Amino acid sequence: MEFQAETRGSRRARTECAVVGVRDGGTLPPVAASLDKALGGRLSRVIGQGDFSGRLGETLLLPDLGSGPAARVLLVGLGAVKSWSRRSYRRALAAATQALLRSGARDALMLIAAEHVPDVDPYYRARFVAEAVGGGRYQIPDLKTARRPAPPRLKRVRVACADRAELAAAKRGLAHGAAVAAGSALTRDLANLPANVCTPSYLGTVAKRLAREHRTIRTRVLGTAELKRLGMGAFLSVTHGSEEPARLLVIEYRGGARGAAPVALVGKGVTFDSGGISLKDPPGMDEMKFDMTGAASVLGTLKAIALLGAPINVVGIVPACENMPSGRATKPGDIVRSMSGQTIEILNTDAEGRLILCDALTYSRRFRPAAVIDIATLTGACVVALGQHMSAVMSNDEALAAALLAAGRRAADPCWRLPLADEYGEQLKSNFADFANVGGREGGAVTAACFLWKFVDGMKWAHLDIAGTAYLSGANKGSTGRPVPLLVDYLLSQS
Ligand code: BES
Ligand code: MN
Ligand code: ZN
């Protein structure tokens, strides 16, 4: 897909489809006035006749408009002026993109992108266009035997800018948006693949492929013997019941100054979470193939950052394994020693994410990171607390938490802060080891974070619980590609 930004002056060029936003109540925006005139007032007539109301997300394709400036016009509803926002702009773009990709147009001119959106600058207006087109074109790597529909014909998208001053920002936004979309697509592919394909070793080969594709990336994949040597008793305890060997992926991106402290991204890579001996209920258990989305978002974010050549150092650390029951599996009451030396009583084998992450956090210290962010589908309690709209962020550092909240808001991939406090950590008390791996039902997302906190050892750290935002259930079951937009935005803001 080719993206271009252009100003009003160059808009004489003919397009196969002009995409025009229309407000609720049917008012044509000023940017479409000259187009309407060139089309003999046809757009105002369609609206005047009541054929298009401007409801948010409504679309109407006017095909076959002849040899004027636009062969087609796609009207897109923007909704009411008073609720016009970043969110409604993105929803209008998503709807427009769907209609555009269904049409026969090979190129499009997004006049909608010249629209003023409160709190959204020209960079983000363009970036969201590229993200919408990338997201709209995404196809699940399914194994359906029916023939695939023909791919969309759209090859080129031009974004209209209000004036020349906006041009550079819009171009940057398009490049960044295309990279975010490519990174999210990798994350979605990996998360959507079934667990019998996307195994820990499979994630290892994908990480190695990233290193082959980008000379700024170096990947190492550690196996069971090395994990034993490192003393990762907590991580290894989760893999005991599985026939699939565990892997630790270490992916270094070097775009910044030599010796500049990297940001460490630690992603939970449980390729299937059955719960282990504390077996989960059957309904919805298939969705535990998504339990490696934290890992997938680390790979997707590194891909996006490498595509952009961002001037920053990042290290991705991914503990990957299955959580399965068997005669060899870890049992409730078993006590293990983590790489940090602290002992853990495993009261529930379904609280496995924290067990693999704690050793990965300890491992991350050797990179002397400027900040460590772990990303995990960690708790059902987080889904209860925040639902599917926002990820949870918990942090021991005010500035880091604020930066992540702001990045999420800007990127329209929002998160919300939950507390991190000693009184919650006290729920992890054990009579037999330094602490237990669960702290009861109350405040489950926070006690999980408190568990990880015990392994952070003075680093600046944030924990993102993405259990609610990583994937959708039901008819639209599938990975969302979150929180790649948030993470890329955060890293760009640090570079
Ligand atoms: N992977 C799950 C968390 C999860 C639940 C993710 C629902 C997405 C949707 C995690 O490993 C888990 O099982 N957590 C337990 C923890 C409990 C035993 C303390 C949970 O949330 O029930
Ligand atoms: Mn679990
Ligand atoms: Zn899990």
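As the structure is a computational prediction, the values presented were derived from the model and not from experiment.

Asks: Now, about the packing of helix α9 (residues 293-308) against helix α15 (residues 484-494): what can you tell me, with residues and values included?
Replies: Packing of α9 against α15 leaves a shortest axis separation of 9 Å and a crossing angle of 45 degrees. In terms of orientation, α9 and α15 fall into the oblique class. Taken as a pair, α9 and α15 cross one another with a handedness that is right-handed. Here Ser 297, Gly 300, Thr 301, Ala 304, Ile 305 and Leu 308 of α9 lie close against α15, whose contacting residues are Val 484, Leu 487, Val 488, Leu 491 and Leu 492. When grouped by side-chain class, the residues that make up the contact of α9 with α15 number eight nonpolar, three polar and no charged.

Asks: Explain unusual backbone geometry to me, and be specific about the residues and the numbers.
Replies: In this structure, Pro 483 follows Arg 482 across a cis peptide bond, with omega equal to 5 degrees. Locating Pro 483 in the fold gives a position in the loop between β20 (478-479) and α15. Although it is not a glycine, Asp 64 adopts a positive phi angle of roughly 55 degrees. Note that Asp 64 resides in the loop between β3 (59-62) and β4 (73-79). Look at Asp 64 and you get exposed, because its relative accessible area is 67%. Within the chain, Ala 412 stands out as a residue other than glycine whose phi angle is a positive 60 degrees. The exposure class of Ala 412 is partly exposed, given its relative accessible area of 24%.

Asks: I'd love a proper account of the coordination of the manganese ion (ligand 2), names of residues and values included.
Replies: At this site the manganese ion (ligand 2) is bound by Asp 273 (OD), Asp 350 (O), Asp 350 (OD) and Glu 352 (OE), with donor distances of 2.1 to 2.2 Å. The coordination sphere of the manganese ion (ligand 2) comprises six donor atoms, whose angles at the metal cover 70 to 168 degrees; the geometry is irregular. Mapped onto the polypeptide sequence, the residues donating to the manganese ion (ligand 2) form the spacing pattern D-x76-D-x1-E. In this structure, the manganese ion (ligand 2) is positioned 3.2 Å from the zinc ion (ligand 3), and both are ligated by Asp 273. Of this pair, Asp 273 sits in strand β10 (residues 269-273) while Glu 352 is found in the loop between β13 (343-346) and α10 (353-364), placing the two residues 79 residues apart along the sequence.

Asks: Could you give me a rundown of the environment of Asp 350, with the residues and numbers involved?
Replies: Structurally, Asp 350 is set in the loop between β13 and α10. Asp 350 sits in the partly exposed class, given a relative accessible area of 21%. For Asp 350 and Asn 437, which are 87 residues apart along the polypeptide, the C-alpha to C-alpha distance reads 9.6 Å. Setting aside residues no more than four positions away along its own chain, Asp 350 makes contact with Asp 273, Gly 275, Ser 278, Lys 280 and Asn 323. Among the polar contacts listed, one links the side chain of Asp 350 to the side chain of Lys 280, at a separation of 2.8 Å.

Asks: Please give an account of helix α14 (residues 444-453) that cites residues and values.
Replies: With nine of its ten residues buried, α14 lies for the most part within the structure. Regarding α14, the residues found buried are Gly 444, Ala 445, Val 446, Thr 447, Ala 448, Ala 449, Cys 450, Phe 451 and Leu 452.

Asks: How would you summarise the coordination of the zinc ion (ligand 3) if you had to cite specific residues and measurements?
Replies: Metal coordination angles have textbook ideals: 109.5 degrees for a tetrahedral set of four donors and 90 or 180 degrees for an octahedral set of six. Taken together, Lys 268 (NZ), Asp 273 (OD), Asp 291 (OD) and Glu 352 (OE) make up the protein donors of the zinc ion (ligand 3), found 2.0 to 2.4 Å from the metal. Coordination geometry of the zinc ion (ligand 3): the six donor atoms subtend angles of 78 to 177 degrees at the metal centre, consistent with an arrangement described as octahedral. Each donor residue of the zinc ion (ligand 3) lies on one chain, and together they are spaced K-x4-D-x17-D-x60-E. When its relative accessible area of 3% is taken as the criterion, Asp 273 is described as buried.

Asks: Just give me the short version of the layout of surface pockets, but keep the residues and values in it.
Replies: What the second largest pocket holds in volume is close to 850 Å³. Along the walls of the second largest pocket sit 35 residues, with Lys 280, Leu 378, Thr 379, Gly 380 and Ala 381 positioned nearest its centre. Elements represented by at least two residues in the lining of the second largest pocket include exactly α11 (380-386), α14 and β19 (471-472). Its residues placed into classes, the lining of the second largest pocket shows twelve nonpolar, 13 polar and ten charged.

Asks: I'd like to hear about the nonpolar core, residue by residue, with values.
Replies: Residues Met 110, Ile 373 and Tyr 490 are the most contacted members of the largest nonpolar core, which totals 94 residues. Mapped onto the domain boundaries, this core takes at least three residues apiece from domain 1 (2-162) and domain 2 (181-494). Once you skip the residues sitting within four places of it in the chain, Met 110 turns out to touch Val 19, Leu 93, Leu 100, Val 129, Val 157, Arg 158, Val 159 and Ala 160.

Asks: How would you sum up the sheet that holds strand β17 (residues 435-436)? Please name residues and give values.
Replies: Taken in spatial order, the three strands of this open sheet run β12-β13-β17, and their pairing is mixed. Unpaired on one side and paired on the other, β12 (334-337) and β17 mark the two borders of the sheet.

Asks: Which residues make up the site of ligand 1, and what values do they have?
Replies: Inspection of the region around ligand 1 gives 16 residues, with Asp 273, Lys 280, Asp 350, Glu 352 and Gly 380 positioned closest. In the environment of ligand 1, an oxygen atom lies 2.8 Å from a nitrogen or oxygen atom belonging to the side chain of Lys 280. At 2.8 Å from an oxygen atom of ligand 1 is found a side-chain nitrogen or oxygen belonging to Glu 352. Starting from 520 Å² of accessible surface for ligand 1 in isolation, the protein chains cover 78%.

Asks: Just give me the short version of the domain arrangement of the chain, but keep the residues and values in it.
Replies: Accessible area lost during the coming together of the parts is what is often quoted as the interface size. Taken domain by domain, the chain holds domain 1 (2-162) and domain 2 (181-494). Computed over C-alpha atoms, the centres of domain 1 and domain 2 are 38 Å apart. Across the boundary between the two partners, domain 1 contributes 14 residues, which contact 14 residues of domain 2. If you look at where domain 1 meets domain 2, you find one salt bridge. Here Asp 489 ties to Arg 127 by a salt bridge, and the two come within 2.8 Å at their closest N and O atoms. At the level of elements, α3 (86-102) and α4 (122-137) are the ones that each hand at least two residues to the side of domain 1 that touches domain 2. Ranked by residues supplied to the side of domain 1 that touches domain 2, first place goes to α4 with eight residues. Its residues assigned to classes, the side of domain 1 that touches domain 2 shows seven nonpolar, three polar and four charged.

Cut-offs used in this document
Residues numbered from 1 in each chain as written. Chains lettered and ligands numbered in written order. Predicted model: local features only at pLDDT ≥ 70, side-chain atom pairs only at ≥ 80, totals over all residues. Heavy atoms only, no water. Axes fitted to C-alpha atoms, helices over the stretch in contact; angles between N-to-C directions. Helix = DSSP H or I, 4+ residues; strand = E, 2+ residues; numbered from the N terminus. Parallel < 35°, antiparallel > 145°, perpendicular 65-115°, else oblique. Left-handed = near helix turned anticlockwise from the far one by under 90°. Contact = heavy atoms within 4.5 Å. Nonpolar A, V, L, I, M, F, W, Y, C, P; charged D, E, K, R; others polar. Buried < 20%, exposed > 50% of the residue type's maximum accessible area, 1.4 Å probe, protein only. Donors = N, O, S within 2.8 Å, 3.2 Å for Na, K, Ca; no water. Tetrahedral: all angles 85-135°; square planar, octahedral: opposite > 155°, others 65-115°. Polar contact = N/O pair within 3.5 Å; in protein donor to acceptor, adjacent residues only side chain to side chain. 1 Å grid on protein atoms, 1.4 Å probe; cavity = no way out; pocket = protein on both sides within 12 Å on 5 of 7 lines; lining within 4 Å. Points joined across faces, edges and corners; volume = space filled by probe spheres on them. Core = buried A, V, L, I, M, F, W, Y, C linked by side-chain atoms within 4.5 Å. Domains from an automatic or database assignment. Pairing = 2+ DSSP bridges. Near = heavy atom within 4 Å. Areas by Shrake-Rupley, 256 points an atom, 1.4 Å probe, with all protein chains shown as cover. Salt bridge = Lys/Arg side-chain N within 4 Å of Asp/Glu carboxyl O.

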